[in-house]
Amino acid sequence: PVVRAFEQRWREWIGTQFAVTTVNGTSALYSAYFGLGVGPGDEVICPVNTWICSIAPVLLLGARPVFCDIDPNTFTMDPISLKERITERTKAVIPVHLFGMPADMDPIVTISRHHGLCIIEDAACAYGTYYKGRHAGRFGNCGAFSFHPRKSLTTGEGGMLVTDDRKLHDLVTLRSNH
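Here the structure is a predicted model, which is why all the values come from computation and not from measurement. (Residues numbered from 1 in each chain as written. Predicted model: local features only at pLDDT ≥ 70, side-chain atom pairs only at ≥ 80, totals over all residues. Heavy atoms only, no water.)

Enquirer: Please provide a residue-by-residue account of the packing of aromatic side chains, values included.
Expert: Tallied over the full model, the rule gives nine aromatic pairs. For the ring pair Trp10 and Phe145, a centre distance of 5.3 Å and an interplane angle of 75° mean the geometry is edge-to-face. Of this pair, Trp10 sits in helix H1 (residues 2–14) while Phe145 is found in strand E8 (residues 142–146), placing the two residues 135 residues apart along the sequence. Each member of the pair, Trp10 as well as Phe145, is classed as buried. Here Trp10 and Phe147 contribute two aromatic rings whose centre-to-centre distance is 5.1 Å and whose plane-to-plane angle is 90°, an arrangement assigned as edge-to-face. Taken together, the positions of Trp10 in helix H1 and Phe147 in the loop between E8 and strand E9 (159–163) put the pair 137 residues apart, joining distant regions of the chain. In this structure Phe147 comes out as buried when scored by relative accessible area, which is 1%. An aromatic cluster is present here, built from Phe6, Trp10, Trp13, Tyr127, Phe145 and Phe147 joined pairwise through their rings. Above the ring of Phe139, the side-chain terminus of Arg134 is found at 4.4 Å from the ring centroid. (Phe/Tyr/Trp six-rings, centres within 6.5 Å; stacked < 30°, edge-to-face > 60°. Helix = DSSP H or I, 4+ residues; strand = E, 2+ residues; numbered from the N terminus. Buried < 20%, exposed > 50% of the residue type's maximum accessible area, 1.4 Å probe, protein only. Lys NZ or Arg CZ within 6 Å of the ring centre and 35° of its normal.)

Here is the structure:
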């Protein structure tokens, strides 16, 4: 009951329909990639300035990470560099909101949707981070958060995936804790 209550309060705070707890933030990301069908032969574009956990699940699923440059002012994904890295094999994009600095989501969403790409927001370090009045983690197909001991909010370990997509929620729930 405590975990379900935490999910409900998180979902309400972030403003999504669904929130699923996971054993850690990496598991939240892995579950998202899995739920969105990332697999062998696919490419996932991520910024060069990130932690291994943003891309390790990509490799576990047999896909290939493709790195794009960052904006030197925010240290987050550069939308122009993102656009330059898209190929016919690109399946998803993972903007990483670092140190409370949100990625520039308007152009990232526009570019990604134009090319039919999934967006998985790595918001591990972004609770309480807003972009144009909306909480980080709400712009793409889903957002992933971490409660690792070095984060500003910790549960000892743990993660959370948020989404408005019922199908994704159901698939993520299958993998969320293992």
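After that view, the rundown keeps rolling.
Enquirer: Go over the nonpolar core, please, and point to the residues and values.
Expert: Tyr33, Val44, Ile94, Ile120 and Cys142 are the most contacted members of the largest nonpolar core, which has 25 residues in total. Broken down by secondary-structure element, the contributors of at least two residues to this core are helix H2 (25–35), strand E2 (43–47), strand E5 (118–122), E8 and helix H6 (166–175). The leading source of residues in this core is H2, at five residues. If sequence neighbours within four positions are ignored, Cys142 has contacts with Ala32, Leu36, Ile119, Ile120, Glu121, Gly137, Leu161, Val162, Thr163 and Leu168. Cys68, Ile86, Val109 and Ile119 belong to the second largest nonpolar core, which has 16 residues in total. (Core = buried A, V, L, I, M, F, W, Y, C linked by side-chain atoms within 4.5 Å. Contact = heavy atoms within 4.5 Å.)

Enquirer: If you had to explain the sheet that holds strand E4 (residues 90–93) to someone new, which residues and values would you point to?
Expert: Spatial strand order, E1-E9-E8-E5-E4-E2-E3: seven strands in an open sheet with mixed pairing. In the strand order of this sheet, the two ends are held by strand E1 (18–22) and strand E3 (64–68), each with one partner. Within the sheet, the average angular offset between the axes of one strand and its neighbour, ignoring direction, is 25°. Where E8 lies against E9, five bridges are found, and the strand directions are antiparallel. Paired with Gly143 across the strands is Val162, a residue of E9. H1 rests against E1, E8 and E9 of the sheet, and its axis sits at about 130° to E1. (Pairing = 2+ DSSP bridges. Axes fitted to C-alpha atoms, helices over the stretch in contact; angles between N-to-C directions.)

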